[in-house]
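Inside the fold
Listed here are the chains, written in short residue letters.
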Amino acid sequence: MKTWNEPSRGRKQCASCKIYVGVRTKVCACGYNFTKPKVASLSTDKAESDELTSSHKFNISLVIPRGKSPIDLEVFERPEIYSWTRSLSFHYSRQNLFMESTVPKYFLRQYLDIFSVEYSRSCGYIDELYADKEIINE
Ligand SMILES: [Zn+2]
């Protein structure tokens, strides 16, 4: 087959070996297949995330709250963080708001230094809880 080292009308570049071949070439000299389907398009991902969003039973997501935490937190261990986060979620669900995980994390800064080990550990507990969407909405 004929190949070139520079681009020109009627040539296309091989994505694998970078040489130029005729536009109608289906398989390059190096074995690269021009007819291979492209990798999964972004639209598939978007459809999936839309589906996730619409499965929420609330109309609006709350990302950043106003003011101070409506529920106090004193102990920063897993069970306390879990129940506090759930209580907050319930508090907002009564206002028809879905509380995003950013909300309890934001409120945590009221109590903990953002650079502390306790803060990042507590955020980890919140993420655990949010990893299972069923639990958070109970
Ligand atoms: Zn090639």
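Our subject is the structure that appears above.
What comes next is a walk through the structure.

**Things to note about unusual backbone geometry**
One non-glycine residue, Lys18, adopts positive backbone phi at about 70 degrees. When you line up the elements, Lys18 lands in the loop between strand S2 (11-13) and strand S3 (20-22). For Lys18, a count of 11 C-beta atoms within 10 Å gives the class exposed. Its identity as a non-glycine residue notwithstanding, Asn96 has a phi of 60 degrees, on the positive side. The class of Asn96 is exposed, set by 10 C-beta atoms lying within 10 Å.

**A short note on the sheet that holds S3**
Spatial strand order, S1-S3-S2: three strands in an open sheet with antiparallel pairing. Where the open sheet ends on each side, the last strands, each with one partner, are strand S1 (3-4) and S2. In this sheet, S3 lies alongside S2 in antiparallel orientation, the contact comprising three bridges. When the bridges of S3 are listed, Arg11 appears paired with Gly22.

Parameters at a glance
- Residues numbered from 1 in each chain as written.
- Predicted model: local features only at pLDDT ≥ 70, side-chain atom pairs only at ≥ 80, totals over all residues.
- Helix = DSSP H or I, 4+ residues; strand = E, 2+ residues; numbered from the N terminus.
- Buried ≥ 20, exposed ≤ 12 C-beta atoms within 10 Å, placed from the backbone.
- Pairing = 2+ DSSP bridges.

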